[in-house]
Amino acid sequence: KKKKKKKKKKKPLTMPAGGAGGAGGGGGAGAGGGKKIFIYQLDSYLGQVLGQHAKKHAAEGDERILCGCLTNPRSSVSWADSIIDKNDPSALKKALLSSDIIVYDISSDPQEATTALKILLKYDYAENPEDETEKVLIGVSNLLSWAGNSVKIPAADDEAAMSAYAEKMSHALTAEDHMDRRPHPNYKAQVAVENLIINKGNIKKDKLKTYVVWSGVQYGCGESVFHSLFKWAWLGTHMALPIIQPGSNKIPMIHVADLAGMVLEVALTCPTDLPNNSLLAVDKAECTLKEVAAAISSALQFGDVKECDQEEYLELMTQEKEPHINSVFLELNMSMTFKHGEVIGYGEESSSWVAGTGFVANIERVVNEYREWRMLQPVRVLFYGPPTSVWYPTEEGKLFLARDFAQEYNVTLIDTKELVKEYRNKPSYEEDPKLGTNLSVKLKEIEEDGEVPLELIVEAVQRKLATPACRNQGYVLENFPDSKEALEMLFDVDKVEPEGEGVAENEGGEPAAGEEPRAPLAPLPQTVFHLVAEEEFILKRISELPQEQAEAEGETEEKVLEGLKAFKEANLVDEEGVQQGCLGVYKSNRNKGCQQVVDIVCDNPLQFIQDKIRLSIGNPRNYDPEGPKRKREEERMRGEQAKQAEAEAKKKEEEEASRTEREMKKQNDARKLARLQEEEREALHLRSLPMRKYLIENVLPTLTRGLQEVAKVRPEDPIDYLAEYLFNADPQQN
């Protein structure tokens, strides 16, 4: 009998608990009824917004599992359930095959999107009956696939060309025109992948759905393409934002959160009536490049825009290492087909839109998102306390807490004396409506050493706090305002008017045409540091100052005690325990932006106080938050190196002086020794003169004869023989 060979069945490809590469949950919807979403670049601009959107907008009971790869291994994506190593093909394949929704950004990495599609197409669902997942692959692309369809703006004086341009721009491109799209020369590979996903991706329609979403130029949530313009405006490095002249090209755009919502809805609903399973995602506005730049400048600067030629603009963007420069060259009239948008909840009147009316109409929201995502919220701080509490004595002199904070957090320090000088030197509003002010005229009428009225000081501070630098980065005030009257004049606070008077309305109203606008009420400081100092501490501090310095700086005992008394009387606590005065206003205006009043006891070490200030505010909020700390550390290191160099120089100088002293001592000792030896020789010579005569007369004749006798006889023991001879020749014995 012939033995029949049993055909070995292939084991179904199943995922263990925990998923691929440590992903939570198994494949498909089997993990608690939730969807598993794979995003190839979790830490990319779109990836972060899409991932957080998917987590935030999950329905109740829909536990979505997010996994994917990172472009930068050091990136932090705390909302992701697992991270897949993109350099591990096996883990990547398992993650793709265990996911319900797969999203790739074709524009950033078309080759990886092609690899993912091949893996999904080769997967044999028939041999894996346990896997009932219907997978969705979405490739998100950009409009550089359509860049060749841009219409160049002709010269304004060429009527025929302008007429042809207007006719071409009157036809809005939609997703139905995708067969006619012409890419930018550098993005042909991108178009090839788009076509591959559209044409090849739907072979297994029952198990795999594929879509391509063409995204308009993305904005919002921290910015990408327009980040350089936001950065220049926020930092104030470019008072007029540069654009390519003339800037009238239309740029199809979309808020990145709207794009994320559309991608997710396409993945969840798998619509069948999208043309060739593709979607053109743009908002309802038609913004030009100049309008975009002007909106950014108006929100963060003075609203100025500078037209540049292409070479100058490219040089600027090259310095910023801007990778999205080709996007601003687009000149496309594109429109989303809203009947298709309605299928996924983004119809023309849908409430799903975050910024459907466009960039310019939503600039305030966009700027707030930029500050929030980039952690660039302004820092507004006031140091408020009695005399001498605002500074600390150090080896280098006085360290002022407000100035030290302003340097560390890179914000503007408001010094009222210096501010009055600054505004005194400004042109009038009539001379320069943008940078001038009539406050300068009022200040010039007062003598330089004269007393400046409170209302003029308040106006100067208000106008300074309304400048872009203070609006964007923030400000630091030191003991101003110092009275409740000045506080209510300066800041936007809730005022409690005396009984019977009612609430005072804003006086003056809107300025007439050509008149200077009134200085706006300033936003309250977010943090007020209440410097607590008692009389004993203050007296001890001023006693450490030289008398001349104390008198010159107005910190004599009499003036300081008078200031302490006035400060306490202005900030009393009533019988019911309610804080009065300036501190009371700050504590009762949390709804106006004053978030905290922090008590700082001055009778503590400086390092302790600085650490408490940092803990209360948090990290610096700017593009280089570690910069001030690094600069401070560098200055400390330079100081230590200077001290070390000074100590080494001093030590070397002392060693040189010691060596010179030793050399001089050695030379002096040598001279003394030589002089003593010479004196000894002279003394010996003098003493040797009588002795010589004695020896010549009494010893040498006998000794000479004895030596001659020894030479003649040559005895075996010449010494003994000579001794015997001399003994026998002794005249005393003879």
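Residues numbered from 1 in each chain as written. Predicted model: local features only at pLDDT ≥ 70, side-chain atom pairs only at ≥ 80, totals over all residues. Heavy atoms only, no water.

Peer 1: Would you mind showing me how to read the packing of helix α6 (residues 227-235) against helix α11 (residues 363-373) here?
Peer 2: In a packed pair of helices, the relevant descriptors are the angle between the two axes and the axis-to-axis distance. Viewed as axis vectors pointing N to C, α6 and α11 meet at an angle of 80 degrees, and their least axial separation amounts to 12 Å. On the basis of their axis angle, the class for α6 and α11 is roughly perpendicular. Counting all contacts with α6, which are made through H227, F230, K231 and W234, the residues of α11 involved are V366, V367 and Y370. Across the contact of α6 with α11, the residue classes tally to five nonpolar, one polar and one charged. (Axes fitted to C-alpha atoms, helices over the stretch in contact; angles between N-to-C directions. Helix = DSSP H or I, 4+ residues; strand = E, 2+ residues; numbered from the N terminus. Parallel < 35°, antiparallel > 145°, perpendicular 65-115°, else oblique. Contact = heavy atoms within 4.5 Å. Nonpolar A, V, L, I, M, F, W, Y, C, P; charged D, E, K, R; others polar.)

Peer 1: Looking at this structure, how should I read the pattern of salt bridges?
Peer 2: Side chains that differ in sign of charge can pair as their charged atoms come close. Following the criterion strictly, the structure yields 24 salt bridges and no others. Measuring nitrogen to oxygen at the nearest pair gives 3.4 Å for the salt bridge that ties E422 to K464. Of this pair, E422 sits in helix α13 (residues 416-424) while K464 is found in helix α15 (residues 454-465), placing the two residues 42 residues apart along the sequence. The exposure class assigned to E422 is partly exposed, which follows from its relative accessible area of 32%. Salt bridges sharing common partners tie together K442, E459, R463 and E516. (Salt bridge = Lys/Arg side-chain N within 4 Å of Asp/Glu carboxyl O. Buried < 20%, exposed > 50% of the residue type's maximum accessible area, 1.4 Å probe, protein only.)

Peer 1: How do you make sense of the sheet that holds strand β17 (residues 527-532) when you look at a structure like this?
Peer 2: Sheets are built from strands paired through backbone hydrogen bonds, the pairs being either parallel or antiparallel. Read from one edge to the other, the open sheet built from five strands follows the order β15-β16-β12-β17-β18, with strand pairing classed as parallel. In the strand order of this sheet, the two ends are held by β15 (412-414) and β18 (596-601), each with one partner. For this sheet, the mean angle separating the axes of adjacent strands, direction not counted, is 20 degrees. Across four bridges, the pairing between strand β12 (residues 379-384) and β17 is parallel. Within the sheet, the bridge partner assigned to F383 lies in β17 and is F529. (Pairing = 2+ DSSP bridges.)

Peer 1: What exactly am I supposed to notice about unusual backbone geometry here?
Peer 2: If a residue is not glycine, its phi is most likely negative; likewise, a peptide bond is most likely trans. With an omega dihedral of 0 degrees, the bond running from Q245 to P246 counts as a cis peptide bond. Secondary-structure assignment places P246 in the loop between β8 (240-244) and β9 (253-255). Between F480 and the following residue, P481, the backbone shows a cis peptide bond with an omega angle of 5 degrees. Following the sequence through the fold, P481 ends up in the loop between β16 (474-478) and α17 (484-490). Non-glycine residue N479 carries a positive phi angle of around 55 degrees. When you line up the elements, N479 lands in the loop between β16 and α17.

Peer 1: How should the side chain of S98 be read in this particular structure?
Peer 2: On the secondary structure map, S98 appears in the loop between α2 (89-97) and β4 (101-105). Using a relative accessible area of 0% as the deciding quantity, one classes S98 as buried. Within the structure, the side chain of S98 is placed 3.0 Å from the backbone oxygen of K94, a separation counted as a polar contact. At 3.1 Å, the side chain of S98 forms a polar contact with the backbone oxygen of A95. (Polar contact = N/O pair within 3.5 Å; in protein donor to acceptor, adjacent residues only side chain to side chain.)

Peer 1: I'm lost on the pairing of strand β10 (residues 278-281) in this one. Help?
Peer 2: Across a regular strand the side chains alternate sides, sitting on one face of the sheet and then on the other. Of the two faces of β10, the one holding S278 and L280 and the one holding L279 and A281 are both buried throughout. Note: strand β6 (residues 208-215) against β10, four bridges, orientation parallel. Following the sheet pairing, V212 is matched in β10 by S278.

Peer 1: What is the right way to look at the packing of aromatic side chains in this model?
Peer 2: In this description, an aromatic ring pair is defined by two values, namely the gap between the centres and the angle between the planes. In total, this model carries 13 aromatic pairs according to the counting rule given. With a centroid separation of 5.1 Å and an interplanar angle of 80 degrees, the aromatic rings of Y219 and F359 are classed as edge-to-face. Here Y219 is found in strand β7 (residues 217-219), whereas its partner F359 is found in the loop between α10 (338-343) and α11, with 140 residues between them in sequence. The same class applies to Y219 as to F359, namely buried. Ring geometry for F230 and F359: centres 6.3 Å apart, planes at 75 degrees, overall edge-to-face. Taken together, the positions of F230 in helix α6 and F359 in the loop between α10 and α11 put the pair 129 residues apart, joining distant regions of the chain. Judged on exposure class, the residue F230 and its partner F359 are both buried. These aromatic residues form a ring-pair network of at least three members: Y219, F226, F230, F359 and Y370. In this structure, K398 is placed above the aromatic ring of W391, and the distance from its NZ or CZ to the ring centre is 4.3 Å. (Phe/Tyr/Trp six-rings, centres within 6.5 Å; stacked < 30°, edge-to-face > 60°. Lys NZ or Arg CZ within 6 Å of the ring centre and 35° of its normal.)

Peer 1: What is the right way to look at the nonpolar core in this model?
Peer 2: Counting residues in hydrophobic clusters, the biggest one holds 69 residues, and the most contacted among them are F38, Y104, F226, F230, M253, I296 and F359. Top contributing element to this core by residue count: helix α8 (residues 289-300), with six residues. Apart from the residues within four sequence positions on either side, F226 is in contact with V217, Y219, M253, L289, V292, I296 and V328. (Core = buried A, V, L, I, M, F, W, Y, C linked by side-chain atoms within 4.5 Å.)

Peer 1: Would you mind showing me how to read the sheet that holds β10 here?
Peer 2: The strand order across the open sheet formed by seven strands is β3-β2-β1-β4-β5-β6-β10, and the pairing between neighbours is parallel. Both outer strands of the open sheet, β3 (82-83) and β10, are each paired with one neighbouring strand and no more. Here five bridges tie strand β1 (residues 36-41) to strand β2 (residues 65-69), and the two strands are oriented parallel to one another. Residue pairing in the sheet places K36 in a bridge with I65 of β2. The sheet contacts of helix α3 (residues 110-122) involve β1, β4, β5 (135-142) and β6, and relative to β4 the element is tilted by about 155 degrees.

Peer 1: Would you mind going over the environment of W373 with me for this structure?
Peer 2: Topologically, W373 is positioned in helix α11. Spatially, the C-alpha atom of W373 lies 9.2 Å from that of G220, the residues being 153 residues apart in sequence. Sequence-distant contacts of W373, that is, excluding residues within four places in its chain, are made with Q48, V49, Q52, C221 and G222.

Peer 1: Help me out: how do you make sense of the packing of α8 against α11 in this one?
Peer 2: Running from N to C, α8 and α11 point in directions that differ by 65 degrees, and their axes come no closer than 10 Å. In terms of their interaxial angle, α8 and α11 are classed as roughly perpendicular. You can see that α8 and α11 cross each other, and the crossing is right-handed. Note on element contacts: α11 touches α8 through I363, V367, Y370 and R371, opposite A295, I296, A299 and L300. (Left-handed = near helix turned anticlockwise from the far one by under 90°.)

Peer 1: Could you clarify how one ought to interpret the environment of G236 in this entry?
Peer 2: Here G236 is to be found in the loop between α6 and β8. On the basis of relative accessible area, G236 is assigned to the partly exposed category, the value being 27%. Sequence separation of G236 and Q301 is 65 residues, and the distance between their C-alpha atoms is 7.3 Å.

Peer 1: What should I look at first to understand the confidence of the model for the protein in this one?
Peer 2: Reading fine detail from the predicted coordinates is not recommended where pLDDT is low. Residue-level pLDDT values for the protein average 83, and 85% of them are 70 or greater. Taken as a whole, residues 1-33 scores under 50 in pLDDT and shows 51 contacts with residues more than four places along the chain or in a different chain. Note on residues 498-506: pLDDT under 50 across the span, and four contacts to partners over four residues away in sequence or across chains. (pLDDT = per-residue confidence, 0-100.)

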